[in-house]
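Remarks on the overall topology
So the chains spell out like this:
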Amino acid sequence: MTLTRTPARTAAVRPRTPQRHRRRHTGIGAAFVSPYLLYVLAVFAIPLGYTVWISFHRFYFTAPGADAPSPWVGLANYRDVLTDPVVGKAFLNIGIFLVINVPLTVLLSLVLATALNAKVPFRSFFRAAYYLPYITASVALVAVWQFLFGTDGLVNNALGGLAPDPSWLVNTHLAMPMIALFVTWKQLGFFVMLYLAALQNIGKDLYEAASVDGAGTVRTFWSVTVPGVRPATTLVTVYAIVTGANLFSEPYLLTGGGGPDDASISPVLLMYQKGIEQGHPDFAAALGVVLVVLVLAVSLITRKLTERGN
């Protein structure tokens, strides 16, 4: 009996994707990404590059069609920015703002989101009520704040002799803290929504395990909720820092442009005053570059600190 050897099966070789298919896929991906890239270039990259260029030149706004020289001045604009006492005051004010606004924003939005995530009566109503100030025009909300905290406002009338003198928004010590509280109240609904979305990713089994172990409400909050929403906390913190550093409309509307005595002026408001009202766009550009660098540094440090332990 003759045995015949069957040929061994060869392993199936996965055909490689042809080069033209790769180029085709790359082209399709680039086509989908290109609108966003064009948007970033038009709205962020090109204006930022032009701002940096202006900051190293003596620059003036001119009428359409007019041509004015823009000589190179090196670091002269930055020297003017760093030696201007009003600039130092503006950065001090924004530091006070962030120290008040960012912790309040993170704490209140997380606590409110945790409460609104539970089954409470009129939950949808409360969610909409907290979100409403965020989508309301700042001018309308400023009118409400003026009605409450103006010199003859409702709060002063209620406090009587205990009301501060000068009043809240014209007091050099209270103007910026009041603006910080106003912005916290206005933007709270947005951050509550961010935390509500993050809370949906925490498994119910974690809360059940904490309950079995005898953890109370506060212990469960610190041991389960806070670690579970840490990525959202990083986002909320960084976003609050970036938006706070770009503070403009609130001091412009609430305190009449940074008063009293520059007690509520912000770097962005000062950029507007120097660049538009006083005709020194080169100074404003240098101030803007300094602000971007500082905000970027603070945001990166904050991100590292809030992500520690992930």
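Residues numbered from 1 in each chain as written. Predicted model: local features only at pLDDT ≥ 70, side-chain atom pairs only at ≥ 80, totals over all residues. Heavy atoms only, no water.

1. Topic: the overall build of the protein
Each helix and strand counted, the protein has 13 helices and 0 strands in total. When its helices and strands are written in sequence order, the protein yields α-α-α-α-α-α-α-α-α-α-α-α-α. The C-alpha radius of gyration of the protein comes to 28 Å, more than 25% above the 19 Å expected for a compact globule of 310 residues. Overall, the C-alpha framework of the protein stretches about 115 × 70 × 30 Å when taken along its three principal axes. Looking at the protein as a whole, 35% of its 310 residues are labelled buried. Once local pairs closer than 6 in sequence are excluded, the contacts in the protein between residues at least 24 apart make up 66%. Counting only carbon and sulfur atoms, one obtains 66% of the accessible surface of the protein, whose full area is about 19,400 Å². Separation between the mean location of the 22 positive side-chain charges and that of the 14 negative ones in the protein comes to 27 Å. (Helix = DSSP H or I, 4+ residues; strand = E, 2+ residues; numbered from the N terminus. Rg over C-alpha atoms; globule rule 2.2 N^0.38 Å. Buried < 20%, exposed > 50% of the residue type's maximum accessible area, 1.4 Å probe, protein only. Contact = heavy atoms within 4.5 Å. Areas by Shrake-Rupley, 256 points an atom, 1.4 Å probe, with all protein chains shown as cover. Lys, Arg positive; Asp, Glu negative; His and termini not counted. Charge placed at Lys NZ, Arg CZ, Asp CG, Glu CD.)

2. Some details on the packing of aromatic side chains
All chains considered together, the criterion is met by 21 aromatic pairs. When the centroid spacing of 5.5 Å and the interplanar angle of 75 degrees are considered together, the rings of Phe248 and Tyr272 count as edge-to-face. With a gap of 24 residues between them, Phe248 in the loop between helix H10 (230-245) and helix H11 (249-254) and Tyr272 in helix H12 (residues 267-277) connect regions that are remote in the sequence. By relative accessible area, which is 28% here, Tyr272 ends up partly exposed. Taken together, Tyr131, Tyr134, Phe190, Phe191 and Tyr239 form an aromatic cluster joined through their ring pairs. One residue, Lys274, lies across the ring of Phe283, its end atom 5.1 Å from the ring centre. (Phe/Tyr/Trp six-rings, centres within 6.5 Å; stacked < 30°, edge-to-face > 60°. Lys NZ or Arg CZ within 6 Å of the ring centre and 35° of its normal.)

3. Considerations on helix H7 (residues 175-199)
With 25 residues, H7 extends 35 Å from end C-alpha to end C-alpha; this agrees with the ideal 36 Å at 1.5 Å per step. Of all the bends in H7, the largest measures some 45 degrees and sits at Leu188. Summarising burial for H7: 19 of the 25 residues are buried, a large majority. (Expected span 1.5 Å × (residues − 1). Bend = angle between axes of the 7 residues up to and from the residue.)

4. Some thoughts on a nonpolar patch on the surface
On the surface, Ile28, Phe32, Val33, Tyr36, Leu37, Tyr39, Val43 and Phe44 cluster together into a nonpolar patch covering about 860 Å² of accessible area. Inspection of the secondary structure assignment puts Leu37 in helix H1 (residues 19-55). (Patch = residues over 30% accessible without salt bridge, like charges linked within 9 Å, V, L, I, M, F, W, Y side chains within 5 Å. Salt bridge = Lys/Arg side-chain N within 4 Å of Asp/Glu carboxyl O.)

5. Regarding the nonpolar core
In this structure, Phe97, Tyr195 and Val229 are the most contacted members of the largest nonpolar core, which totals 40 residues. Elements supplying a minimum of two residues to this core: helix H3 (85-117), helix H5 (138-149), H7, helix H9 (217-228) and H10. In terms of residue count, the dominant contributor to this core is H7 (14 residues). Ranked by size, the runner-up nonpolar core spans 12 residues in total, among them Tyr78, Leu269, Ala286 and Val289. (Core = buried A, V, L, I, M, F, W, Y, C linked by side-chain atoms within 4.5 Å.)

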